[in-house]
Structures are given as C-alpha cells and as structure tokens.
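Observations on the model geometry
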There are 2 protein chains.
Amino acid sequence: MAPDRARGLPAPPSSRDKILDVAEARFARAGFGGVGMREVADEAGLGKSSLFHHFPSKDALYFEAVKRTLERIAAGIEPALRGPGSAIERLRATSDAMVDALAEHPTTAPLLLRSLFEMYPLADDVPPEGQAVDVVLQRLIGQLQGLVHDGIASGEFRDVSVPDTTQTLIGAAVFHFASGEFGEDLFGGASLFSAKAVARRRDELREFFLHALVRHPI
Amino acid sequence: MAPDRARGLPAPPSSRDKILDVAEARFARAGFGGVGMREVADEAGLGKSSLFHHFPSKDALYFEAVKRTLERIAAGIEPALRGPGSAIERLRATSDAMVDALAEHPTTAPLLLRSLFEMYPLADDVPPEGQAVDVVLQRLIGQLQGLVHDGIASGEFRDVSVPDTTQTLIGAAVFHFASGEFGEDLFGGASLFSAKAVARRRDELREFFLHALVRHPI
DNA sequence: GTCTATAGTGAGATAGAC
DNA sequence: GTCTATCTCACTATAGAC
C-alpha cells in the first residue's frame, strides 16, 4: 500500500495504530471497565470523537487491541509449536518462544491473561471482533495440547493429563510477565523485562517444564 | 458477641456478609471497573444507599472482599507451608492445600489473580484496606519463597532461582481455577470444580511440581 | 479525518426522613 | 439500618461544521 514501506523508510504511524497502542497499554493495566475513551483519545493526541471515527464502539476497540496482541503472540510461538523434531525439542523451543513473545512488550502478557480469564467485557453479546479473538486462541491452544499429546504418545513425556498440563504450562508462562509490580517486588524491585531477567526466565521455565514432563530427565 | 453462636445455632447472615458475598462474586468475574454499586445492592436485596452505610466507598468494598478471600486462602495453605517435615513433604502438602483452597469457591482464584496482577483499581492512591491486603499477600509469598529456599539448601531441590520458581508455582496453581469458561472448554465443557476434577488437578499439579523441582525423582 | 457541542445514560456518593 | 430523593460528574456515542 504505502510505497515508502518498500524502500525501508520508517513507516509513519497512522492514527489508528497510535490509538491501538494506547488502548493496548490501558486495557492491559486497567481492564475493559477501567478505561475510558476520553483518556485513550487524550493520550493518543486526538479528540474523543475522532476515536469513534476509527472504531465504531469501545467493544470494537478492545477486541481489536486484544486480537492484535494475540496475533503477535501466535506469530512468535507457532513456528516452535509446529516445528520439526521430537516433542522434547519442540517443548524446549516452545517454552523459549513463549517467554520471548510475552517479554516483547510489557502489555502483552496482561492483555493475554485478561482475554483468557475474563473473555466477557460485556456480559451479554459477543461482537464479531470477539469471535476473531477466539479463533486465534483456539488454534494456539489446540497446538499446545497437540504437543503434550505427542510427547506422551512417543513415550518422551510422563503419562500426564493433557488439558491439566496445558493449563499448567499457560499459567506458569503467562502469569510471570503479567504480574507487574507484584512480580517486580519478588525480584527486589528489578524489572521483569530487562534482557538479563528475560534470559534467566527463559532458562528457568524451560528447565522447569522439561524436568516436570520428560520421563527420564538427565 | 451473638450468644446464639455459642449454642451452635445457624448464624443469620448479616447484611454486611451478604454484601461481601455478592461483591466477591461480581468483582471476581468482572473486575473493579466492571461492577456497579447498584447491581451489588440489587443482588444483595438492599438499596444502594444502604450499601454505603456499610462500606464508605466502592474502593473499601473491593479491598474488603479481596482481603476476606486472601485470608481464607492463607488459612488453608499456611499450615502446609509452615508444617514440619522435609521440603519435599511440605511441597506436597502445599500443592494439595493450594488446590483445595482455590477450589473451595469458584470466585477465590479469579479474585486472587486480580489482586496479584492488577493491585490498582484506582491508579492514584491506595486506601488503608489495600495495605491490609498487601500484608497478607506478602506473608504468604514469603513463606512460599522460604519453602523453595529450604528445598535448595537441603539439596532436595534442583538449584533453581527462588523468585522465578515462586512465580511459576503461583501461576500454575492459580490460573487453572481462575480460567473460567476457557478452562472448561479445555476439559470438554466439564466443570473445573467437581470433586473428580479437583482430585485430578490435585494429583497432576503435585506430581508436576515434584518432578520439576526434586533433584532425584523416582 | 478532525474538530466542537451535546445528547442521553448511569455511575459513585450524600442528605435526611423513618 | 434502610429507605427516597438528589447531587455531581463521567461515560459512550452522535450530529454536523470544517
């Protein structure tokens, strides 16, 4: 579309992208009900009405932000999930990819966690944008379950419950990077997103999962 | 106070307790911003103004509900955390106690998860009720870190990062019971809180943790 | 595509009778 | 301790000029 993109020039951020950036950060921190359209507009440097020009409703904005985050995560970890190699090798790569995807932006994990455990900003009807979120989520979870299943079938993993183990892997991976101030306190106030902290988390989580699942750990 | 309590008669639930029950359920599902004082009052069978007679503000109600939940959890798992025996035995007991405490009410885990990762319903000032929540939380987390530390010091556990492992244990334990519809979908629509599902979760999580941490798994 | 102005609704919170 | 009535304010969303 924009010819400048092909020449490697820095793409000027559209208002739409700016709005989504702000919305992603605010919704991640305060949840759907805790964010007003006015504050999003202010931080994006627009009038409140301009916001409704780009997104027809607050619901649409929320789900669009969640969808963008989920697709970034999926792009990061699906290659590892579907990769070649044994289940052990795929588990290794997937754990590392999960950590890297969740550590990319501080807003990613909180927003993912919210989309996993509150799925209903409005109690009644789910708009079409919400269904698109579900599609990406179901695909990811299915592949994660498949990995656990394959490891059991090949005898590489212990004979665990596939859905229980899936829940455990998700909770262990996502919570850490969603834990905000609480997590930082645990690490003496240090950021969870520094290169050093991320590298340590990557190693710790991978070894934790491997020891927990692999039948004959070395 | 009430002399009837000493005779074992069923204690009539006070309006205050009724309000807290309703608030706990609603805040767990929808978060601070997603709940209105009117709906709480309606479901508790009171007028909105009566609610403000019992709790001076929405913030106070929220933190009081969170505090009550946290204290119930602490009462359930602190005996296991502080119990006698080796680190392995304490980890076993603690994992089981965590599952039982989180499975007691469907609202417990979501509300705990929220208190862990959003700690700030209002961005600016933290009311005194919020600090009481922090005290309980810090005590619990400290004991959990202590357990991991003891296991490493005694050589029972691998040489893991204590804060990272603490985060992993919390995430793995709490997320499952907070995952609501998402989790039920994973288990083919079955409730996460049936006796059978809880028993399986207890076994799976305990074995997962033991294999992940114990130096020479059997 | 952005703005000003405003409609219309519901929120949290208070006053004061009973 | 509960109620009715009300205040004030912020919210989502829309209309229409530029």
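In what follows, the accompanying structure is described. Computed from a predicted model, the values in this text were never measured in an experiment. (Residues numbered from 1 in each chain as written. Chains lettered and ligands numbered in written order. Predicted model: local features only at pLDDT ≥ 70, side-chain atom pairs only at ≥ 80, totals over all residues. Heavy atoms only, no water.)

**Quick look at the pattern of salt bridges**
- Within this structure, the stated rule accounts for 38 salt bridges over all chains.
- We note a salt bridge from E64(A) to R16(A), for which the minimum N-O separation is 3.8 Å. Highlighted residues: E64(A) in helix α5 (residues 58–82) and R16(A) in helix α2 (residues 15–30), separated in sequence by 48 residues.
- A relative accessible area of 34% means that R16(A) is categorised as partly exposed.
- Of the charged contacts, one joins R114(A) and E118(B) as a salt bridge, the two residues approaching to 2.6 Å between their closest N and O atoms. (Salt bridge = Lys/Arg side-chain N within 4 Å of Asp/Glu carboxyl O. Helix = DSSP H or I, 4+ residues; strand = E, 2+ residues; numbered from the N terminus. Buried < 20%, exposed > 50% of the residue type's maximum accessible area, 1.4 Å probe, protein only.)

**A look at the protein's contact with DNA strand D**
- Lining the immediate environment of DNA strand D, one finds 16 residues, of which K48(A), S15(B), G47(B), S49(B) and H54(B) sit closest.
- Per the 4 Å cut-off to the protein, sugar and phosphate atoms form 49% of the nearby atoms of DNA strand D.
- K48(A) places a side-chain nitrogen or oxygen 3.3 Å from a base nitrogen of DNA strand D.
- Between S49(A) and DNA strand D, the recorded distance is 2.7 Å, taken from a side-chain N or O atom to a base oxygen.
- Looking at which element gives the most residues to the surface near DNA strand D, the answer is helix α4 (residues 48–54) of chain B, with four residues.
- A class-by-class count of the residues in the surface near DNA strand D yields four nonpolar, nine polar and three charged. (Near = heavy atom within 4 Å. Polar contact = N/O pair within 3.5 Å; in protein donor to acceptor, adjacent residues only side chain to side chain. Nonpolar A, V, L, I, M, F, W, Y, C, P; charged D, E, K, R; others polar.)

**Some details on the packing of aromatic side chains**
- What the rule picks out here adds up to 16 aromatic pairs over all chains.
- Centre to centre, the rings of F117(A) and F117(B) are 6.1 Å apart; their planes meet at 65°, and the pair counts as edge-to-face. With F117(A) in helix α7 (residues 108–117) and F117(B) in helix α7 (residues 108–117), this residue pair bridges two chains.
- Ring geometry for F177(B) and F193(B): centres 5.6 Å apart, planes at 40°, overall tilted. Pair noted here: F177(B) is in helix α9 (residues 162–178) and F193(B) is in the loop between α10 (180–186) and α11 (195–213), with a separation of 16 residues, a long-range link.
- Positioned above the aromatic ring of F32(A), the side-chain terminus of K58(A) is 4.3 Å from the ring centre. (Phe/Tyr/Trp six-rings, centres within 6.5 Å; stacked < 30°, edge-to-face > 60°. Lys NZ or Arg CZ within 6 Å of the ring centre and 35° of its normal.)

**Thoughts on the relation of the copies chain A and chain B**
- When chain A is fitted to chain B, the best match, at an RMSD of 0.1 Å, comes from turning it 180° and sliding it 0.0 Å along the axis. Those values place the two copies in the arrangement expected of a two-fold rotation axis.
- Of the interface residues in chain A, 100% have counterparts in chain B that sit at the interface too, so the contact is made through matching surfaces. (Least-squares fit on C-alpha atoms with pLDDT ≥ 70 in both. Contact = heavy atoms within 4.5 Å.)

**Overview of the interface of chain A and chain B**
- Taken residue by residue, the interface counts 48 residues in chain A and 48 residues in chain B.
- A combined buried area of about 4200 Å² lies between chain A and chain B, and 65% of that area is made up of carbon and sulfur atoms.
- Counting across the interface, chain A meets chain B through six salt bridges.
- Seen at the junction of chain A and chain B, the total is 14 residue pairs in polar contact (both at pLDDT 80 or more).
- Considering each element in turn, the side of chain A that touches chain B owes the most residues, 13 residues, to helix α9 (residues 162–178) of chain A.
- Classifying every residue of the side of chain A that touches chain B gives 23 nonpolar, 14 polar and 11 charged. (Buried area = accessible area lost by both parts, 1.4 Å probe.)

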